[in-house]
Structure formats: C-alpha cells, structure tokens
Amino acid sequence: MDMFDDIIINIRKLNFSRGDRAIFRGLDIRIPRGKVTAIMGPSGTGKTTLLKLIGGQLLPDSGRIELDGANIPTLSRRDLFEVRARLGMLFQSGALFTDMSVFENVAFPLRVHTDLPEDMIRDIVLMKLQAVGLRGARELMPSELSGGMARRVALARAIALDPHLVMYDEPFTGQDPIAMGVLVNLIRRLNQALGHTSIIVSHDIKETLGIADYVYLVSDGSVIAHGTPKELAQVESEQVRQFMQGLPDGPVPFHYPAGEYRAELMKGV
Amino acid sequence: MRTRVMEISVGAFMLAGILALILLALNVSGLTVSDSSGSYRVTARFENIGGLAPRAKVTLSGVQIGQVRSIGIDERMLMAVVEMDINGSADYLSSDSSAQILTAGLLGEQYIGIIPGADDEMLKDGDAIENTQSALVLENLVSKFLFNKVTE
Amino acid sequence: MLDQIQALGRYGLTRLGAVGRSGMLLAHVLVARPQPLKMFPLLLKQIYFVGVLSLVIILVSGMFIGMVLGLQGYTILVDYGSEQAVGQMVALSLVRELAPVVAALLFAGRAGSALTAEIGLMKATEQLSSLEMIGVDPYRQIIAPRFWAGFICMPILSAIFAIVGVWGGALVSVDWLGIYEGSFWANMQHSVDFYEDILNGLIKAVAFGFVVTWIAVFQGYDCVPTSEGISQATTRTVVYASLWVLGLDFILTALMFGDL
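So, a few notes on the structure that sits alongside this text.

Conventions used here
- Residues numbered from 1 in each chain as written.
- Chains lettered and ligands numbered in written order.
- Predicted model: local features only at pLDDT ≥ 70, side-chain atom pairs only at ≥ 80, totals over all residues.
- Heavy atoms only, no water.
- Salt bridge = Lys/Arg side-chain N within 4 Å of Asp/Glu carboxyl O.
- Helix = DSSP H or I, 4+ residues; strand = E, 2+ residues; numbered from the N terminus.
- Buried < 20%, exposed > 50% of the residue type's maximum accessible area, 1.4 Å probe, protein only.
- Phe/Tyr/Trp six-rings, centres within 6.5 Å; stacked < 30°, edge-to-face > 60°.
- Contact = heavy atoms within 4.5 Å.
- Buried area = accessible area lost by both parts, 1.4 Å probe.
- Polar contact = N/O pair within 3.5 Å; in protein donor to acceptor, adjacent residues only side chain to side chain.
- Nonpolar A, V, L, I, M, F, W, Y, C, P; charged D, E, K, R; others polar.

Now for the pattern of salt bridges. When their charged atoms lie close together, side chains carrying opposite charge are able to pair. Enumeration according to the criterion identifies 20 salt bridges over all chains in this entry. A salt bridge links E170(A) to K47(A), with the shortest nitrogen-to-oxygen separation between them at 3.9 Å. Of this pair, E170(A) sits in the loop between β7 (165-169) and α6 (177-194) while K47(A) sits in helix α1 (residues 47-54), placing them 123 residues apart in sequence. Residue classification places E170(A) among the buried residues on the basis of a relative accessible area of 6%. Among the ionic pairs, K128(A) bridges to D162(A), the shortest N-O distance being 2.6 Å. In this pair, K128(A) is assigned in helix α4 (residues 118-131) and D162(A) in the loop between α5 (147-158) and β7, connecting sequence segments 34 residues apart. Classification of D162(A) by relative accessible area gives partly exposed; the value is 46%. A single salt-bridge network, built from bridges that share partners, covers R41(B), R69(B), E83(B) and D85(B).

Written out as structure tokens, the structure is:
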C-alpha cells in the first residue's frame, strides 16, 4: 500500500478510559500524509476523544501517539503548544470567539503566533475568508451567522496558519443539505489546494465516504475495519455492514443492556 | 472607536479610584503630609490621664499645635507618661509651661491644653513638662460634691 | 451504615478534588508569566467589564448605606448628646468594614457571577478547547486577565464606595439633620487613622477581590459545560464568594483590630 509510505500520525496500542469505562483498548491507527482520512463509528465510541488525544488535550492511559515522530503525550506544555500551532481543528460547534468579529476570529491565530505586519495579516485573512466564500461577512459578529456559515468561518480560522494537519470534528452534523454540500466540497478542495492532511471524524456515512481516501471504522474501543471506501463496501462482517447500511438492529443492539424484560415487569416495585 | 471609549472609561475609573483614596486620606483621616517631620517631642507626667488616648489633640489656647503620640507608665514614680509631638512651628513654648488634661464638653473627648510660662528658655525635643494638672474624673467630682453635702 | 460512610468519603474526596483543582488554577495564573504587551489590551477590557460596569451599583449602594448610617447614627447618638460623633461613626464603620465587605458582596453578585457564566459558556461552546488547539494557553488568554482585573478593581471600588458613603453620611447629618459641619469632619479626622483604618480597609478589599475572582474564575473553568451546569456554577460563585468574604472578614478583623 503506497499510501502508507509516508504517515503523519501513528497511533499504537492506545488505551484510554474515563472513570471505569474503557474508551479505547489497544487502538492502532495510521494516518497517511496529504490524504483525507475518515474515522467513523457509532455515537459514543469516543471519536471526538480521539481528536482531543491527538491534540494533546487529554492524556492516554498508555500507548503512543506519534505526530511526525514526536510522541504527543510526553511533550512538555510548551512543546505541545508549539505543535498545536501546526494543527488546525474544526470543532463541532465551530467554537468561534463570540466577542470578536469574523475578521478578528480568523486573524487571531496569526496575531498570536506570528509578528506579521497588520496589512499582511489583513491579506491572509481575506484570502482565507475568500476560500470559504465569506469575505463579505468579515465585519459580522459570530452571533449573526448561521450554523453553516459559523462552521465555514471556523474552517477559515483553522487553516489560517497553513497547518500540516486539519481535524474535523463532526463537520456535517446539524447542517441543512446545502450547507452540507458546501462543506463537503470545501473540505475536499482545501485538502487538494493546500496539500495538508485531513482527519474527519463523523458518522454521516454518505458524505464522508464521498470525500475520504481512507476510512477507519471504530467500535467498542478498537478498529473493526479499515480500508478505502470501496474496500469497506465489500467487507462481509455483520458489524461493518450494520453501520455502513444503517440497519437498526444487529451486532450493535437496539437495546441498552438490561435484565430480562418479562422478569422485570413481573417483579413489581 | 469602541476601544477608545473603553480605554478612556477605564482610565477615568482608575483615576476615580486614586482620587477616592486621596480624599479618604486627606478628608476622612485628616492625614497631613508634613506633620511628623517638622515636629519635636516632649513628655509630661500626670497623676491621672482619665480617658486620654493616643492621637488626642494638644492645644494652646484652644488651637491645635500637636498631638499625643503615646501613653505609658513611669514605673519608678508610678505615674502616667504622655509623649506628645508638637509642631515645629510652635517653638514659642517656654520651658516652664504647664500641661493640663481637658474635656471637650461634658462627655466629649479629652485633650491636652498647654499653658505657656514666662521663662526665657524654650521647650526643645526630649524635654519634659514639669507642671501638670490631671484630668477631672467625673466620679471623683461627684463623690466630692456628695461628701461636702454630707459634712455641711 | 457503611453506605453512609462511603457517601461521606466520596463527598469529601470530591470536595478535596475541587480544592486541589482550584489551587492548580491559581498556580497556573500566578505562574503563567504574562507577556505584558499582549496581556495589556485583554486586561484593559476586563477592567472595563469587571470594574467600570460595576461602578453604578457601587455608587448607588455606597451612597445609600452612608445615608442610612448617618440617620441611624444620629438617632442613636442624639440620646447621649454626642451627635457630633456621627461623622466618626459613619467613617469608621464604612472604612473598616462596610466598604470592603459590601463592595465585595456586590462585586461577587455583579462581576463574579458574570465571570463564571462567561467562562462557563466559553467552555460549553468549546472556545476554551479551541484556544488550546490554536496553541494559546487559555490560562494566559482568558483566566489570567480576568483574575488580575478583579484583583485591581476591588480596592478601587471599595475606596469609591467608602468616599461616596462618607459623602452620603455628611449629606444626611450635616445638610438635613443640621449637625455642625466643622465638628462632623473634625471628629471624623480625629478618630480615623490613615494606616490603621484606611490602609487596613484597603488590604481587606484586596483580599476579598482575590478570593471573589478566584472563586468566580474557578467555578467557570471547572463547571459542567451544560446550561444546567453553568447556572449551578454561577449560583455557587455567589454563595461561596459571599460566605468566604464574610468569614475572611472576621479573620482579618481579628488580626488587624483584635488587640485594640
């Protein structure tokens, strides 16, 4: 597989638990450079947690998360902040700074991490806003934007520093079909134009499969299947088919684990 | 423009705080800047100081010329020792001046009144005022009055 | 029985955990060496929100409390024929106690709750996470400026409260009740000491500012990022901050004036 000759992120034997509940058990994931990789799985499998682990916002119980060879969990706070300057992340809610205008939001990473003169910052911000089609909205405040527009502004902010890696946390959730189409298109196009690596965490199968080069299916704390979208469509495993085709019942049960139904009804209070 | 308004109001706020502190210092606590630097200290022994407290006024003919610095006990003579700071400008007190403890009104605060003497020599830093008159203690007055009544 | 002991133990551990986390937060704020040039605009903005916007409530309540003190003091003191001492009473109670304490309580209600809600909402909308991912320390960008702003504003607000209160007291007792103005001010100046009373009052205000903003900022940062969690955190800020101010006031008073 030539795609994996050059990997940007290498996650090995990752264990993470929250309280008594194990979220990841021996997770292994490799992300090829310059491609769009999707990490999919049912809700509650810790996909967002995985992004936070890559960003160093959470510490794993054990295992390695290597970004360009550096093991994220062991970095010092200062090194971590340096690494993060090369990461872009698009949060589920957009997470724009509500007290700044659209322009200032996109300019923020530039102001913090560079000493560029003001007119250069202006040019870069306008370029990024142009890329997401919102150059005209630069004076608006985040509260005046629709959900889809807020996410596009957040995307412009995420790519402001030309990061090596952009992570998308559920980019399609709660979007109307038009905004969804715009976003799908944008993610694909930006990935090609800017040459960065994209990681998409999502459970919107159709949209994600349409733009992903490689897909990991995560369930119950480990990878249950991986491959290109085409390969995944041919996997025979019941679990994979249930998710890919959206069947209501299967290996992932409809019922939350409970005692025997009749017995519970008969028992009374 | 919005930042400008904000910056100005923050500046005004800080100024108001400083102004409030200055007003508190000067108007409320009566802090005077050149007070202790140009003053000299004299002591006086009293049989009884009544309710005299540190920072009470020291007056000459009712005009304040200094204040009480501290109050202690002379263990040898078993008398109260009052240290007072007299303003440097009040350098006209002769060394045989006398001090008395007075009361402002019937129930008011107590203060020290200085009565100048006639000596040519003036009081200097560290001197003691020899002639003193103790505070009038109301209980003593009342009992004296009653006692006199009874003997009549 | 064992269950109750376990519950008690769990409660204790949770509380202890919160204390530990708040200590960590404080350490981060104090250690996070601010870059003065980048910090200054943020600090300015927070002083505006925390201090300038609290000014109206401080002015109004300061004046009314001073007026009430003047009125009450007069009616009490006039029975002993020493109504001239009302100035001294108003000034001493304001400078030593009421200005720092009441200003801190109002500050907790006005600015503290707003700080908690704002930071909590930032957490809920992933703004704090997003700052971290951009590579900016939220302690430096969000927490520290708010903390220092509270620290700076509290003594200023307390001093303003005191001076407005004294003015209100003078208004009532001199202008309305007809106490001789000279003796009002002279009595006051005679009994209020700059170091003993005014500076101690300011030290109290600084301590209260520290505690109130610490609690407010921590509750916001530590809250459960849901609308219910934020509202609970806001309530906790006001309750804890008020209790701490009153308790701390007793301790400080005992230390400062206890041997008098």
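Residue and element names in this part refer to chain C. Counted under the stated rule, the structure contains 12 aromatic pairs over all chains. When the centroid spacing of 5.6 Å and the interplanar angle of 70° are considered together, the rings of Y48 and F49 count as edge-to-face. On the basis of relative accessibility, which here comes to 37%, the residue F49 falls in the partly exposed class. Ring geometry for F147 against F210: centres 5.6 Å apart, planes inclined by 75°, an arrangement best described as edge-to-face. You can see F147 sitting in helix α6 (residues 138-176) and its partner F210 sitting in helix α8 (residues 194-222), a full 63 residues away along the chain.

Turning to the interface of chain B and chain C, a few remarks are in order. Each partner contributes to the interface: chain B provides 24 residues, whereas chain C provides 31 residues. The junction of chain B with chain C conceals about 2,300 Å² of combined surface from both sides, 79% of it contributed by carbon and sulfur atoms. Counting the surface chain B buries against chain C, the share from its top three residues, F13(B), V28(B) and R55(B), is 30%. On the surface where chain B and chain C come into contact, there are zero salt bridges. Linking chain B with chain C are one residue pair in polar contact (both at pLDDT 80 or more). If one sorts the elements of the side of chain B that touches chain C by residue count, helix α1 (residues 2-28) of chain B sits on top with 16 residues. For the side of chain B that touches chain C, the per-class residue count stands at 15 nonpolar, five polar and four charged.

Attention shifts here to α1(A). All names here are of chain A. Within α1, six of the eight residues are buried, which leaves the element mostly enclosed by the surrounding structure. Every buried residue of α1 is accounted for by K47, T49, L50, L51, L53 and I54. Two residues or fewer past α1, G56 is found with a positive phi of approximately 80°.

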